[in-house]
Amino acid sequence: MTLLIDPPNSPGHGRLWSHLASDESFEELHRFAASLGIPQRGFDRDHYDIPAERYAMVVAAGATPVSSRELIRRLLGAGLRRRKAEALRPRRAGQSLVRARRLSPGDTVAVVAPAGPVPADRLDAGLAVLRSWGLEVRELPGTRGRYEPLDYLAADDASRAADLMAAWCDPDVAAVFCARGGYGVQRMVDLLDWDALAAAGPKVLIGFSDVTALHQAFGARLGASTIHGPVVTSLGSGDDESRAHLRAMLFDPGQAMTLTPEPVEVLLPGRAEGVLVGGNVALLSADVGTRTSVPAEGAIAVVEDVDEDLYRLDRMLTHLLRAGWFDGVRGIAVGQLTGCGTPESLRGLVRDRLVPLGVPTLFGVPTGHADRNLAFPTGVPAVLDADRGMLALREPALL
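Presented here is an overview of the structure given in this document. Please read these numbers as outputs of a predicted model, since none were measured by experiment. (Residues numbered from 1 in each chain as written. Predicted model: local features only at pLDDT ≥ 70, side-chain atom pairs only at ≥ 80, totals over all residues. Heavy atoms only, no water.)

**Quick look at the pairing of strand E18 (residues 381–385)**
Operational definition: Residue exposure (1.4 Å probe, protein chains only): buried if accessible area is under 20% of the type maximum, exposed if over 50%, otherwise partly exposed. Note on conventions: DSSP H or I runs of at least 4 residues are helices, E runs of at least 2 residues are strands, and numbering of each starts at the N terminus. A pair of strands is considered paired only if DSSP assigns at least 2 bridges between the two.
Counting buried positions along E18 gives five out of five residues, so the element sits mostly inside the fold. Side chains Pro-381, Val-383 and Asp-385 of E18 all project onto a buried face; the interleaved residues Ala-382 and Leu-384 project onto the opposite face, where all are buried too. Alignment of strand E13 (residues 271–280) against E18, held across five bridges, turns out to be antiparallel. Among the inter-strand pairings, Glu-273 is bridged to a residue of E18, identified as Val-383.

Listed below in structure tokens is the structure:
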């Protein structure tokens, strides 16, 4: 490990500041800073801001003095330089979010259960798929648990949050897969340490259904793009196209740009561009009014749901409309509304509630609670061409 510090020559808040960095890893940098009592909030993208009066103390503890130019050169050479646009921080609605790097065979991925208990047989089948992709898989401690006082949860809220934190903040982990959905994410999301998550840098997060609450939270609090796609328990039983699409999005994202392999039904023609936002309607509705809600302003909204009576789906869409979640939306892609009504009744509801917004609208996009569940990235620019019944990404989901 080489810890670097430049001279205190950067003015700010009436003081001069140095920059403390590492040309080895952020994990080593965070450990060194913590050993000196330097708070996590002092971390900015790829370095810690150090006031001039603490410069000598940091050098005495082992940091090597270098020029500012040399510090930047060493960070660039190590691939650890993060420009402002790449830093994890909140962003305005409709802006592009920070994407993680694509996966490669041999990468380590973590599996967590942030919501309900996980059926062992379906979990094992999904883990086998991940391993067949050449990934090293780590299960977090609560992945196979069940919280007896509330047996619809995999573990107590603090333990589920701790597992997610441990997975995301592990420098060896390139992606975090959610084992399943089911209720529970909203209970633990406010227990996450957003400063620590931001410091750990962008990574891949995959899941859908109740995981919508995490997609919303990571977008709102970190400005991080995530992937709304099959959970681990879906991988062993879903259709081949869904698996192939997710694998391509993770390993070769340029080959996973189309989100509608076949044209889908058009409810309102036109063309719209914007970043993708959305997920499960029930979770989007329940998130309104919280600090982790990402509205559809300036974006293309993708919505799906499962096993809701038609009037309940109506109520949730109406709540989103009344709360202003759809204000400024540029286009709407209605995914699978599985078990929520007949196709005719669902078309009628969407025409009544969403078509009056006057933006291009598709119906039947293959994402959601169905055998075909094609993954899509949040916060990535896309084009909705309702004249052709198509939805496609303008940029790859991962770098």
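**Remarks on the state of the cysteines**
Applicable threshold: By convention in this document, the label disulfide applies to cysteine sulfur atom pairs within 2.5 Å.
Within the structure shown, the criterion is met by zero disulfides. Here Cys-178 stays unpaired: no disulfide links it, and the sulfur of Cys-169, its closest cysteine neighbor, is 15 Å away. Relative accessible area serves as the criterion here: at 0%, Cys-178 is assigned to the buried category.

**Section: helix H12 (residues 310–322)**
In an α-helix there are 3.6 residues to a turn, and that puts residues three or four apart on one side. Here is the rule we go by: Multiply 1.5 Å by the residue count of a helix minus one, and that product is the helix's expected span. Any two residues whose heavy atoms approach within 4.5 Å are treated as being in contact.
For H12, spanning 13 residues, the distance from its first C-alpha to its last is 18 Å, which sits close to the expected 18 Å at 1.5 Å a residue. When H12 is considered as a whole, its buried residues turn out to be Leu-313, Met-316, Leu-317, Thr-318 and Leu-320. Buried residues along H12 sit in contact with helix H11 (281–287), strand E14 (299–306), strand E15 (331–338) and helix H13 (343–353).

**Here's the deal with empty space enclosed by the protein**
Applicable threshold: Here a cavity means grid points, on a 1 Å grid over the protein atoms only, where a 1.4 Å probe fits yet cannot get out; a pocket means an open set of points with protein on both sides within 12 Å along at least five of seven lines; lining residues are those with an atom within 4 Å of a point. Grid points are joined across faces, edges and corners, and a volume is the space filled by probe spheres set on the points. The classification used treats Ala, Val, Leu, Ile, Met, Phe, Trp, Tyr, Cys and Pro as nonpolar, Asp, Glu, Lys and Arg as charged, and all other residues, Gly among them, as polar.
Inspection of every chain in the model, using the stated rule, returns two cavities of 30 Å³ or more. Estimated volume of the largest cavity: approximately 40 Å³. Forming the boundary of the largest cavity are Val-281, Val-303, Leu-313, Leu-317, Val-334, Leu-337, Val-350 and Leu-354. Looking at the lining of the largest cavity, the elements that each hand over two or more residues are H12 and E15. A per-class count over the lining of the largest cavity returns eight nonpolar, no polar and no charged.

**A short note on the packing of aromatic side chains**
Just so we agree on the cut-off: Under the pairing criterion, centres of Phe, Tyr and Trp rings, with the six-membered ring standing for Trp, must be within 6.5 Å; the plane angle then separates stacked pairs below 30 degrees from edge-to-face pairs above 60, leaving the rest tilted.
Here the structure, examined in full by the defined rule, presents seven aromatic pairs. Plain terms: the ring middles of Tyr-152 and Tyr-183 are 6.1 Å apart, the flat faces sit at 55° to each other, and that makes the pair tilted. Highlighted residues: Tyr-152 in the loop between strand E8 (136–139) and helix H5 (157–169) and Tyr-183 in the loop between strand E9 (173–178) and helix H6 (185–188), separated in sequence by 31 residues. Since its relative accessible area comes to 39%, Tyr-152 is described here as partly exposed.

**Topic: the sheet that holds strand E17 (residues 376–377)**
Stated formally: Fitted lines through C-alpha atoms give the axes, limited to the stretch in contact for helices. The angle between two N-to-C directions lies from 0 to 180 degrees.
Sheet architecture is open: six strands sit in the order E8-E7-E9-E10-E11-E17, paired in mixed fashion. What marks the edges here is a single partner per strand, and that holds for E8 and E17. Direction of pairing for strand E10 (residues 204–207) relative to strand E11 (residues 227–228): parallel, over a ladder of two bridges. Its bridge partner lying in E11, Gly-207 is registered against His-228. Sheet strands in contact with helix H8 (residues 212–222) are E9, E10 and E11, and its direction is about 150° off that of E10.

**Focus on the layout of surface pockets**
By volume, the largest pocket amounts to about 940 Å³. Sorting the residues of the lining of the largest pocket by element identifies helix H1 (26–35), E9 and helix H7 (194–199) as the ones contributing at least two each. Of the residues forming the lining of the largest pocket, the biggest block, three residues, is contributed by H1. Its residues assigned to classes, the lining of the largest pocket shows 17 nonpolar, seven polar and 10 charged.

**Regarding the side chain of Asp-239**
Among the secondary structure elements, Asp-239 is positioned in the loop between helix H9 (232–235) and helix H10 (240–251). Sequence-distant contacts of Asp-239, defined by excluding residues within four places in its chain, comprise Asp-371 and Arg-372.

**Considerations on the pattern of salt bridges**
Inclusion rule: Salt bridge, as used here: a side-chain nitrogen of Lys or Arg that lies within 4 Å of a carboxyl oxygen of Asp or Glu.
Summed over the entire model, instances satisfying the criterion amount to 23 salt bridges. Among the ionic pairs, Glu-53 bridges to Arg-15, the shortest N-O distance being 2.2 Å. Here Arg-15 lies in strand E3 (residues 15–22) and Glu-53 lies in the loop between strand E5 (47–51) and helix H2 (55–60), a separation of 38 residues in the sequence. Since its relative accessible area comes to 54%, Glu-53 is described here as exposed. The partly exposed category is assigned to Arg-15, whose relative accessible area is 35%. In this structure, the salt-bridge partner of Asp-23 is Arg-74, at a minimum N-O distance of 2.9 Å. A residue pair is termed long-range when its members are at least 10 positions apart, and Asp-23 in the loop between E3 and H1 and Arg-74 in helix H3 (residues 68–78) qualify at 51 residues.

**Details of the nonpolar core**
For clarity, the threshold we go by: Among buried residues, the Ala, Val, Leu, Ile, Met, Phe, Trp, Tyr and Cys ones that are joined through side-chain atoms within 4.5 Å form a nonpolar core.
In terms of nonpolar packing, the biggest core is built from 63 residues, with Leu-192, Leu-214, Phe-218 and Leu-313 touching the most fellow members. When near neighbours in sequence (up to four residues on either side) are disregarded, Leu-313 contacts Val-281, Asp-305, Glu-308, Leu-337, Cys-340, Leu-346 and Leu-349.

**Some thoughts on the sheet that holds strand E19 (residues 390–393)**
Within a sheet, neighbouring strands are paired by backbone hydrogen bonds and run either parallel or antiparallel to one another. Strand order in this open sheet of seven strands is E12-E16-E15-E14-E13-E18-E19, and the pairing throughout is mixed. Two strands bound the open sheet, and with one partner strand each, they are strand E12 (265–268) and E19. Taken over all neighbouring pairs, the strand axes of this sheet differ in orientation by 30° on average, direction set aside. Docked against the sheet, H13 engages E12, E15 and strand E16 (361–363), running at close to 165° with respect to E16.

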